[in-house]
Amino acid sequence: MKKRLLSNIGYKIASVILAVILWLVVMNISDYSITKTIEDIPVSQLNGEALEELDKIYDVAEGDTVDIIVKGRRSIVSELTAESFYATADLSTMSITNSVQIFVTPRNASLKDDISITCINNTMKLTLEEKITKQFPVKIKTTGEAYKGYAVGECTANPNIVTIEGPKSAVEKITEVSVNVSVLNARSNFDTTSVITLYDAYGEVITNDKLLVSHDEVSVSVNIYPVKEVDILVDVRGVPEDGFGVAEIIYQPQIIQVAGLPEDIEGIESIEIDDISISGLSEDYQTTIDLNDYMPEGVIVADNSSEIVITVDIEEVDEKTFSPAVKNITLTGKNNDYIYDVVLSDGFKIVASGLTNVIDGVVIADIAPTIDCTELARGENNVSLKLKDIEGVHYDIQGTVTVKVSAR
């Protein structure tokens, strides 16, 4: 048996060697080496706190993903995807050019010796910016309309101020922090919770994951008040330049709705605006005022707009001179035991002044000059004429009036 096994031993060894060679050849033909490009492998950022400790905010300008070329046996490489690799960038090693080297390794450590990895671009580039913190008041915006006969009163947010931290350029773009609250058909006070939204100067919503807001949402308390219609009364202060007068005061609206607690609005019948100065003016004057500035405490304007435009029409003043005769003067309070003689000084006259459209129609009968004789004693009495008040007309009496009282 032994002799049979050892016979032709050389041929048998050669056959084994040949078989091994053939196996290797077949394996190399069927499982040959290939290369493969794998794109968009996410790069994890390590040790970012090293930059934050410097009060800097970083952002990735380039290199948040990396592409690689993998070389190895076909049976291994053909199955690899982006998920097969782990890419990292250690931010604590950032260079003076704000660059960080990217390293890529297979997630399966056993593949490390079976493949070679080449990064197409192994550099992550960062932008650094100063980190700032700023506080913003929370503005409450209401949507919808309260139930008929009711209006939205005071709205308060808790907290009413939020703190925002982030890159200086991003924080400085924020012009408004607000929440939206629906008041549709509300007829009583209510509380709700609303999400905070950030806006820029153009009214666009700001979304930036580098901004850290102290609160994502706030509690909002909304007061709903009953409404009441009241008149608006407008008057002016001062007098125009000499020779000019107020012809008309024009404003709209003349009736507004106010809202407040029943006990606060019950006694309000009108809102008076009396602080508009026209002193020294010689032409029309227009101003816009906010009615909220004239509201009693606890009362608000319930209309869509609280502004009112007031126009004061100022025109030139005209004069009209009257030289009344004694017969034009009426005596009242006479004593039947006395005789009353009225004497007017030479050149006595009454100068009436007012706007042209008013003064043109005034006659001496409208002025109705009158003397009250009730307290007059016997003899000569210097007296004053009493003239009838006509709206928009002013009088200047030039000269004297004497009444001689004698017994019958």
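Structure shown above.
Going along each chain's sequence as written, the residues are numbered from 1 onward. At least 70 in pLDDT is required for a residue's local features to be given in this predicted model, at least 80 for side-chain atom pairs to be given and counted, and no such filter applies to totals for whole chains, interfaces and linings, which use all residues. Think of the side-chain values as coming from all heavy atoms in the structure, minus any hydrogens and water.

### Topic: a negative patch on the surface
Here comes step 1: Patch membership is restricted to residues that have no salt bridge and whose relative accessible area is over 30%. Joining uses 9 Å for like charges and 5 Å for the nonpolar side chains Val, Leu, Ile, Met, Phe, Trp and Tyr. For the accessible areas, the method is Shrake-Rupley and the probe is 1.4 Å, while residue cover comes only from the protein chains on display. A carboxyl oxygen of Asp or Glu within 4 Å of a side-chain nitrogen of Lys or Arg is what we treat as a salt bridge. His is not counted, nor are the chain ends; Lys and Arg add positive charge and Asp and Glu add negative charge. The atoms used to mark charge sites are NZ of Lys, CZ of Arg, CG of Asp and CD of Glu. Negative charge collects at one region of the surface, where E316, D318, E319, D360 and D396 lie side by side.
Here comes step 2: The numbering of helices and of strands both runs from the N terminus, where a helix is a DSSP run of H or I of at least 4 residues and a strand a run of E of at least 2. If you tally residues by element for the negative patch, the top one is strand 20 (residues 307-322), at three residues.
Here comes step 3: Structurally, D360 can be placed in the loop between helix 7 (356-359) and helix 8 (364-367).

### A few points about unusual backbone geometry
Here comes step 1: Following N158, the chain continues to P159 via a peptide bond in cis, the omega torsion being 0 degrees.
Here comes step 2: Relative to the helices and strands, P159 is located in the loop between strand 8 (150-158) and strand 9 (161-167).
Here comes step 3: For the peptide bond that leads from Q252 to P253, omega is -5 degrees, which places it in the cis range.
Here comes step 4: We note that D40 has phi near 60 degrees; this positive angle belongs to a residue other than glycine.
Here comes step 5: Within the fold, D40 resides in strand 1 (residues 33-46).
Here comes step 6: Positive phi outside glycine occurs at N185, with the angle close to 60 degrees.
Here comes step 7: Take N185: it is sitting in the loop between strand 10 (176-182) and strand 11 (190-195).

### Here we look at the side chain of T88
Here comes step 1: Counting through the fold element by element, T88 comes out in strand 4 (residues 85-90).
Here comes step 2: Those residues in contact with T88, other than ones at most four positions away along the chain, are V43, S44, L46, Q101, I102 and F103. In this analysis, two residues are considered to be in contact whenever any of their non-hydrogen atoms come within 4.5 Å of each other.

### Digging into the nonpolar core
Here comes step 1: Core analysis: the biggest nonpolar cluster contains 24 residues, and I38, I41, V70, F85, I102, I115 and M124 have the highest contact counts within it.
Here comes step 2: Beyond its immediate sequence surroundings of up to four residues, I115 is in contact with V70, K71, G72, I76, V77, L80, F85 and P106.
Here comes step 3: By size, the runner-up hydrophobic cluster in this structure holds 23 residues, among which are A170, V171, I196 and L198. In these notes, a set of buried Ala, Val, Leu, Ile, Met, Phe, Trp, Tyr and Cys residues joined through side-chain atoms within 4.5 Å is what counts as a nonpolar core. Residue exposure (1.4 Å probe, protein chains only): buried if accessible area is under 20% of the type maximum, exposed if over 50%, otherwise partly exposed.

### With respect to the pairing of strand 7 (residues 123-143)
Here comes step 1: Between any two strands, at least two bridges found by DSSP are needed for them to pair. Of the strand pairs in this sheet, strand 2 (residues 56-62) and strand 7 are connected by six bridges, and their pairing is antiparallel. Its bridge partner lying in strand 7, Y58 is registered against L128.
Here comes step 2: Pairing of strand 5 (residues 99-106) with strand 7 involves three bridges; the strand directions are antiparallel. In the sheet register, V100 faces strand 7, and the bridge partner there is M124.
Here comes step 3: Where strand 7 and strand 10 come together, six bridges link them in parallel fashion. Bridge pairing in strand 10 places V138 opposite V177.

### As for the sheet that holds strand 22 (residues 338-344)
Here comes step 1: With antiparallel pairing, the three strands of this open sheet are ordered in space as 22-27-25. Two strands lie at the open edges of the sheet, namely strand 22 and strand 25 (379-383), each paired on one side alone. Taking each pair of neighbouring strands and ignoring which way they run, the sheet shows an average axis angle of 25 degrees.
Here comes step 2: Across seven bridges, strand 22 lies against strand 27 (residues 401-407) in antiparallel orientation. Each bridged residue has a counterpart across the sheet, and for L344 the counterpart in strand 27 is V401. Fitted lines through C-alpha atoms serve as axes, helices being fitted only where they are in contact, and the angles separating the N-to-C directions of these axes extend from 0 to 180 degrees.

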